[in-house]
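Results of the structural survey
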Amino acid sequence: MKPFLNGLGKYFSADPSRLAFQFFSLFRYTILLGISIGLARFFLDQELISDYERLLLVGGSVTFFWVGGLNDAFLVAVRRAESGQQSMFTSVARKANLTLGLLAGATAALLLLLLYPERFDAGLAAAFGIYVAGDSCSTLLIYHWLHRRQPTALWMYTLGIYLLHALAFLLPVFLTGELLYGVIGLSAIGLLK
């Protein structure tokens, strides 16, 4: 058993900032999965569960490649830059993240209306677009903390924002029985981010 545990150590960084970043990556998907399990376990409306999964599909599709790619590129560029140029890279990355985040939010809302017109109305699509935009724009902050070696900020943000994420979605859905109110809760989290 000990060799197995020692072998696992190579997958987890000894650097506290990288470990916190690995936890962030794992925890955010754990929350999304936990919401799916919570809906399936305690909510009988299969259409609502399917609609939540459709939201995840569309949101992940419009952000998966560019959010990770842009932020990975930011991290590499800022680490290679001379100290005087780092603020310039950060400024450019912020502007690009904001622009692409707003574009991703608009694209997600539009795709919901085009792909699933019978399932989502304009209000729900707009609320989801706000969430996608806010979530996308906030991702740069995680990479900034990783670059600055601020593991405490990473841990606190991850635990706080994703527990709020789960509550902001699940509580309104369980109280009202409607997906719209859960998505409005998510849009509030997107704006908070």
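Summarised in this report is the structure supplied together with it. Position numbers for residues start from 1 in each chain and track the written sequence from start to end. Two thresholds apply to this predicted model, a pLDDT of at least 70 for residue-level local features and 80 or more for giving and counting side-chain atom pairs, whereas whole-chain, interface and lining totals are computed over all residues. Calculation of side-chain values draws on the structure's entire complement of heavy atoms; hydrogens and water are dropped beforehand.

With that settled, the discussion passes to the packing of aromatic side chains. Working definition: rings of Phe, Tyr and Trp (its six-membered ring) pair if their centres are within 6.5 Å, and the pair is stacked with planes under 30 degrees apart, edge-to-face with planes over 60 apart, and tilted otherwise. Evaluated as defined, the whole model comprises nine aromatic pairs. Ring centres 5.0 Å apart and planes at 40 degrees place the aromatic pair Y52 and F169 in the tilted group. With Y52 in helix α3 (residues 46-80) and F169 in helix α6 (residues 151-176), the pair connects residues that are 117 residues apart, well separated along the chain. Taken together through their ring pairs, the aromatic side chains of F21, F24, Y143 and Y162 make up a single cluster. Each helix is a run of H or I in the DSSP string that is no shorter than four residues. Each strand is a run of E no shorter than two, and both are numbered from the N terminus.

So, on to helix α7 (residues 179-192). Along an α-helix, residues three or four positions apart point the same way, because every turn accommodates 3.6 residues. To estimate the expected span of a helix, subtract one from its residue number and multiply by 1.5 Å. Look at α7: 20 Å from first C-alpha to last across 14 residues, which is about the 20 Å you get at 1.5 Å a residue. Taken as a whole, α7 has its buried residues at L179, G182, V183, G185, L186, S187, I189 and G190. Throughout, a residue-residue contact means that at least one pair of heavy atoms, one from each residue, lies within 4.5 Å. Contact partners of the buried residues in α7: α3, α5 (122-148) and α6. Note on classification: 1.4 Å probe, protein chains only; a residue is buried when its accessible area is under 20% of the maximum for its type, exposed when over 50%, partly exposed between these limits.

This part covers the side chain of T158. Tracing the backbone shows T158 in helix α6. Sequence-distant contacts of T158, that is, excluding residues within four places in its chain, are made with F23, F24 and F27.

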